[in-house]
Amino acid sequence: KQEVTQIPAALSVPEGENLVLNCSFTDSAIYNLQWFRQDPGKGLTSLLLIQSSQREQTSGRLNASLDKSSGRSTLYIAASQPGDSATYLCAATVHNAGGTSYGKLTFGQGTILTVHP
Amino acid sequence: NAGVMQNPRHLVRRRGQEARLRCSPMKGHSHVYWYRQLPEEGLKFMVYLQKENIIDESGMPKERFSAEFPKEGPSILRIQQVVRGDSAAYFCASSPLRGPYNEQFFGPGTRLTVL
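Residues numbered from 1 in each chain as written. Chains lettered and ligands numbered in written order. Predicted model: local features only at pLDDT ≥ 70, side-chain atom pairs only at ≥ 80, totals over all residues. Heavy atoms only, no water.

(A) View of the overall build of chain A. Counting its secondary structure elements, chain A contains zero helices and 11 strands. For chain A, the N- to C-terminal ordering of α and β elements is β-β-β-β-β-β-β-β-β-β-β. The C-alpha atoms of chain A give a radius of gyration of 14 Å, which matches the 13 Å a tight globule of 117 residues would have. Dimensions along the principal axes, computed over C-alpha positions, put chain A at roughly 50 × 30 × 20 Å. Classification of the 117 residues of chain A by burial places 45% in the buried group. Just so you have it, chain A exposes about 5300 Å², and 50% of that area is on carbon and sulfur atoms. Both charge centroids of chain A, one from 8 positive and one from 8 negative side chains, sit 7 Å from each other. (Helix = DSSP H or I, 4+ residues; strand = E, 2+ residues; numbered from the N terminus. Rg over C-alpha atoms; globule rule 2.2 N^0.38 Å. Buried < 20%, exposed > 50% of the residue type's maximum accessible area, 1.4 Å probe, protein only. Areas by Shrake-Rupley, 256 points an atom, 1.4 Å probe, with all protein chains shown as cover. Lys, Arg positive; Asp, Glu negative; His and termini not counted. Charge placed at Lys NZ, Arg CZ, Asp CG, Glu CD.)

If you want it as structure tokens, here you go:
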């Protein structure tokens with residue numbers, strides 16, 4: 001059974017700092033890993049999706065890496081801004097018992113990020 | 001191209017009543033996933049549907065919960081005889097194709113409160 005863990009649970013940084021959020025998963029046979037942002041009381045916004053054959057993806061100030069062998073993914077945020085304050089979730093696409101996948105996601109508990117001016 | 005739509009955004013029910021949550025996927029998407037986010041817990045998969053078919057309902061409670069995705073209209077998650085423990089945010093996501101490599105796009109969620 002796939003389990004996804006995110007550390008730290010919460011992070012507070014001053015504006016302008018570069019930061020790294022960590023995600024680990026127990027089953028290295030994932031199909032892809034997706035990073036999301038969730039604002040309080042709102043839905044999920046997809047930030048980056050890394051397929052299992054890829055090592056990293058970049059979008060603006062965000063860079064996500066994937067190391068299947070160690071069961072880890074990191075989300076790097078450069079030059080953080082107060083508007084980046086949100087909960088960040090990582091989610092892995094898992095296998096079914098038969099080794100296939102219907103694409104359902106297993107989520108971590110999230111990292112609550114606060115960027116203060 | 002509108003995103004995934006969910007309604008209502010907020011729903012209040014008394015214990016024993018029924019709750020119906022609706023999800024309209026993005027245009028051109030025929031695959032829908034439902035997830036539940038309980039207070040202080042992470043999101044958990046409930047059910048995966050294609051048009052007129054339930055593909056995987058392994059995360060859905062066996063009793064009181066049902067889901068459908070008819071040929072026409074939105075996907076519906078139905079909770080009968082709600083209890084306080086059903087209070088949560090329910091999210092649906094849609095995807096254009098079947099399979100694990102396709103990105104899922106999430107709706108804003110329905111927040112269910114059971115009194």
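(B) Inspection of unusual backbone geometry at higher detail. Omega for the bond connecting I7(A) with P8(A) falls within 30 degrees of zero, at -5°, which places this linkage in the cis form. Relative to the helices and strands, P8(A) is located in the loop between β1 (4-7) and β2 (10-14). In this model, R64(B) sits at a positive phi of 75°, which is unusual for a non-glycine residue. Positionally, R64(B) belongs in the loop between β6 (53-56) and β7 (65-68).

(C) Highlighting the interface of chain A and chain B. On the chain B side, the residues contacting the 24 residues of chain A number 25 residues. Taken together, the two surfaces of chain A and chain B that pack against each other cover about 1900 Å², and 53% of this comes from carbon and sulfur. One salt bridge in this structure joins K104(A) and D56(B), with 3.2 Å as the shortest N-O distance. Here chain A and chain B share nine residue pairs in polar contact (both at pLDDT 80 or more) between them. (Contact = heavy atoms within 4.5 Å. Buried area = accessible area lost by both parts, 1.4 Å probe. Salt bridge = Lys/Arg side-chain N within 4 Å of Asp/Glu carboxyl O. Polar contact = N/O pair within 3.5 Å; in protein donor to acceptor, adjacent residues only side chain to side chain.)

(D) Focus on the pairing of strand β4 (residues 32-38) of chain A. All names here are of chain A. Across the seven residues that make up β4, a large majority, seven, are buried. Of the two faces of β4, the one lined by N32, Q34, F36 and Q38 and the one lined by L33, W35 and R37 are each fully buried. Pairing geometry for β4 and strand β5 (residues 44-51), over seven bridges, is antiparallel. Opposite Q38, over in β5, you have L44 as the bridge partner. Taking the residues that link successive antiparallel strands as the turn, the β4-β5 hairpin has five residues, and the phi of G41 there is positive, at about 70°. By the bridge criterion, six bridges tie β4 to strand β9 (residues 86-93) in an arrangement that is antiparallel. Residue pairing across strands places Q34 opposite A91, the latter belonging to β9. (Pairing = 2+ DSSP bridges.)

(E) View of the packing of aromatic side chains. Within this structure, the stated rule accounts for eight aromatic pairs over all chains. Ring centres of F107(A) and Y35(B) lie 5.6 Å apart, and the angle between their planes is 85°; on these two criteria the pair is classed as edge-to-face. Of this pair, F107(A) sits in strand β10 (residues 105-107) while Y35(B) is found in strand β4 (residues 31-37), placing the two residues in two different chains. Comparing F107(A) with Y35(B), the two get one shared label, buried. With 5.4 Å between their ring centres and 40° between their planes, Y35(B) and F106(B) make a pair best called tilted. Of this pair, Y35(B) sits in strand β4 while F106(B) sits in strand β10 (residues 105-106); the two residues are 71 residues apart in sequence, bridging distant segments of the chain. The class of F106(B) is buried, set by a relative accessible area of 10%. Taken together, the ring pairs in this structure connect F36(A), F107(A), Y33(B), Y35(B), F45(B), Y48(B) and F106(B) into an aromatic cluster. (Phe/Tyr/Trp six-rings, centres within 6.5 Å; stacked < 30°, edge-to-face > 60°.)

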